Amino acid sequence: MFAFILRRLAQAVIVMVSVALIAFMLFQYVGDPVVFLLGQDATPEQVRALRADLGLDQPFFVQFWHFLVNAAQGEFGLSLRQGAKVSRLIAERFPATLELSMVAAVLALLVGIPMGVYAALKRGTFLSQVFMTISLLGVSLPTFLIGILLILMFAVHLGWFPSFGRGDVVNLGWWSTGLLTTKGWIHITLPAVTLAIFQLTLIMRLVRAEMLEVLRTDYIKFARARGLTNRAVHFGHALKNTLVPVMTITGLQLGGLIAFAIITETVFQWPGMGLLFIQAVTFADIPVMAAYLCLIALIFVVINLVVDLLYFAVDPRLRVEKPGGH
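Bear in mind that the values here come from a model prediction, so they are computed numbers and not experimental data.

Draft legend 1. Structural detail: the overall build of the chain. Along the backbone of the chain there are 13 helices and two strands. Residues classed as buried in the chain amount to 38% of the 326 residues present. The contacts of the chain with a sequence gap of at least 6 include a subset with a gap of at least 24, amounting to 71%. Surface accessibility of the chain: about 18200 Å² in total, with carbon and sulfur atoms responsible for 68%.

Here it is, written out as structure tokens:
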């Protein structure tokens, strides 16, 4: 187990250094931060002085080492558009994105797993066919279109939910949350449903496929031969083994929810990191873009590590020592 963790940590470090190199290259080849800070009318003396202050006159690998050290401390400089520290901007937006992604992930799990189990156990029934049709639509329709349709139906025509914003929030130290207020839950409903639909349908189809595969295995036939009830076979044996690959996919999808919430946040003007990144791309705000890239990579690395450890803990086959000799 210890060697397994060490290998995963070494892989995580390699991935993060590679992503940091890609993020650092943004400073080298996507515009000139000195021009952004001083403007086009700056004199050559001002440009040279600022380059020296920022360390941009040093060799490439020296600059990259300083970038790694600062990134490890969560420092990415100042936003070229807002003039504020990038770490502060990320800290202000991260709670909104994390809450939206977590609510969407919980919704996808709570709805997707039961739908997948029902579609597998009641294969061929009318409701099962309805679930499969819904899943096909959820996979096929783009996220922005789903968001627009939900706004049109529930915000414009019915007026049940607001179409933008985060609502009232409560500050708990540096963390801000809208999950402790009624308006916060009302505002998060449509964005969370929009973000969850694709993940929900993916989980449903995966659970159905895995459940059907598990139900055909020999140990399920043996469990039936022992006289176990359908409930015990389906939920005590089949579902338990079905959730092992589902857990892996769900963990990876959580990172995807955080990383790809950009479209949903843009449609609903949700004040999270995705909207901040879109604004940074529009104004070529390189420090914010680099910080977002490194943070998303870190989230994926941590989630992958946690999923690997859970998979190692849940699946006993991975813990069996390989016999020696031939």
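Moving on from the model shown.
Draft legend 2. Geometry of the packing of helix α7 (residues 143-157) against helix α8 (residues 182-215). One way to put it is that α7 packs onto α8 with a least axis distance of 9 Å and a crossing angle of 145°. The crossing of α7 and α8 is right-handed. Facing α7, whose interface residues are Thr143, Ile146, Gly147, Leu150, Phe154 and Ala155, α8 presents Leu190, Val193, Thr194 and Ile197. Per-class residue counts for the contact of α7 with α8 are seven nonpolar, three polar and no charged.

Draft legend 3. Region of interest: α7. Spanning 15 residues, α7 covers 20 Å between terminal C-alpha atoms, matching the ideal 21 Å at 1.5 Å per step. The largest bend in α7 amounts to roughly 30° and is located at isoleucine 151. What α7 keeps buried is the set Ile146, Gly147, Leu150, Ile151 and Ala155. Looking at the buried positions of α7, the neighbouring elements they touch are α6 (126-140), α8 and α11 (262-267). One or two positions beyond α7, positive phi appears at glycine 159, with a value near 70°.

Draft legend 4. A look at the side chain of arginine 166. By the element assignment, arginine 166 lies in the loop between α7 and β1 (170-172). In this structure arginine 166 comes out as buried when scored by relative accessible area, which is 9%. There is a polar contact of 3.2 Å between the side chain of arginine 166 and the side chain of glutamate 99. Polar side-chain contacts of arginine 166 include one of 2.8 Å to the backbone oxygen of serine 176. Leaving out residues up to four positions away in the same chain, arginine 166 has contacts with Pro95, Ala96, Glu99, Ser176, Thr177, Gly178, Lys183, Gly184, His187, Trp270 and Pro271.

Draft legend 5. Spotlight on the packing of aromatic side chains. Enumeration over the complete set of coordinates arrives at five aromatic pairs. Ring plane angle 40° and centroid distance 5.9 Å describe the contact between phenylalanine 154 and tryptophan 160, whose orientation is recorded as tilted. Judged by its relative accessible area of 55%, tryptophan 160 is exposed. With 6.4 Å between their ring centres and 70° between their planes, phenylalanine 154 and phenylalanine 161 make a pair best called edge-to-face. When its relative accessible area of 23% is taken as the criterion, phenylalanine 161 is described as partly exposed. Here a set of aromatic residues connected by ring pairs shows up, and it is made of Phe154, Trp160 and Phe161.

Draft legend 6. Layout of the nonpolar core. Core analysis: the biggest nonpolar cluster contains 32 residues, and Leu100, Leu195, Met211, Ile220 and Ala238 have the highest contact counts within it. Mapped onto this core, the elements with two or more residues apiece are α5 (86-121), α6, α8 and α10 (230-259).

Draft legend 7. Region of the structure containing the side chain of threonine 264. As for its placement among the helices and strands, threonine 264 is situated in helix α11. If we skip the residues at most four places from it in the chain, threonine 264 touches Leu100, Thr143, Pro191, Thr194 and Leu195.

Draft legend 8. Layout of the pattern of salt bridges. Scanning all chains against the criterion turns up three salt bridges. Here lysine 85 ties to glutamate 75 by a salt bridge, and the two come within 3.4 Å at their closest N and O atoms. In this pair, lysine 85 sits in the loop between α4 (60-72) and α5 while glutamate 75 sits in the loop between α4 and α5, placing the two residues ten residues apart along the sequence. Ionic pairing is found between arginine 166 and glutamate 99, a salt bridge with its closest N-O pair at 3.2 Å. Here the residue arginine 166 occupies a position in the loop between α7 and β1, and glutamate 99 occupies one in helix α5, the gap between them amounting to 67 residues. Across the pair, glutamate 99 and arginine 166 agree in class, each one buried.

Draft legend 9. Fine view of the packing of α5 against α6. α6 packs onto α5 with a crossing angle of 130° between their chain directions and a minimal axis gap of 9 Å. The orientation of α5 relative to α6 falls into the category oblique. For the pair α5 and α6, the sense of crossing is left-handed. On the side of α5, the interface is formed by Met115, Tyr118 and Ala119, while α6 contributes Leu127, Ser128, Phe131 and Met132. Taken together, the residues of the contact of α5 with α6 sort by class into six nonpolar, one polar and no charged.

So, how was this worked out
Residues numbered from 1 in each chain as written. Predicted model: local features only at pLDDT ≥ 70, side-chain atom pairs only at ≥ 80, totals over all residues. Heavy atoms only, no water. Helix = DSSP H or I, 4+ residues; strand = E, 2+ residues; numbered from the N terminus. Buried < 20%, exposed > 50% of the residue type's maximum accessible area, 1.4 Å probe, protein only. Contact = heavy atoms within 4.5 Å. Areas by Shrake-Rupley, 256 points an atom, 1.4 Å probe, with all protein chains shown as cover. Axes fitted to C-alpha atoms, helices over the stretch in contact; angles between N-to-C directions. Left-handed = near helix turned anticlockwise from the far one by under 90°. Nonpolar A, V, L, I, M, F, W, Y, C, P; charged D, E, K, R; others polar. Expected span 1.5 Å × (residues − 1). Bend = angle between axes of the 7 residues up to and from the residue. Polar contact = N/O pair within 3.5 Å; in protein donor to acceptor, adjacent residues only side chain to side chain. Phe/Tyr/Trp six-rings, centres within 6.5 Å; stacked < 30°, edge-to-face > 60°. Core = buried A, V, L, I, M, F, W, Y, C linked by side-chain atoms within 4.5 Å. Salt bridge = Lys/Arg side-chain N within 4 Å of Asp/Glu carboxyl O. Parallel < 35°, antiparallel > 145°, perpendicular 65-115°, else oblique.

Don't take any of this as a statement about function, it's just geometry.
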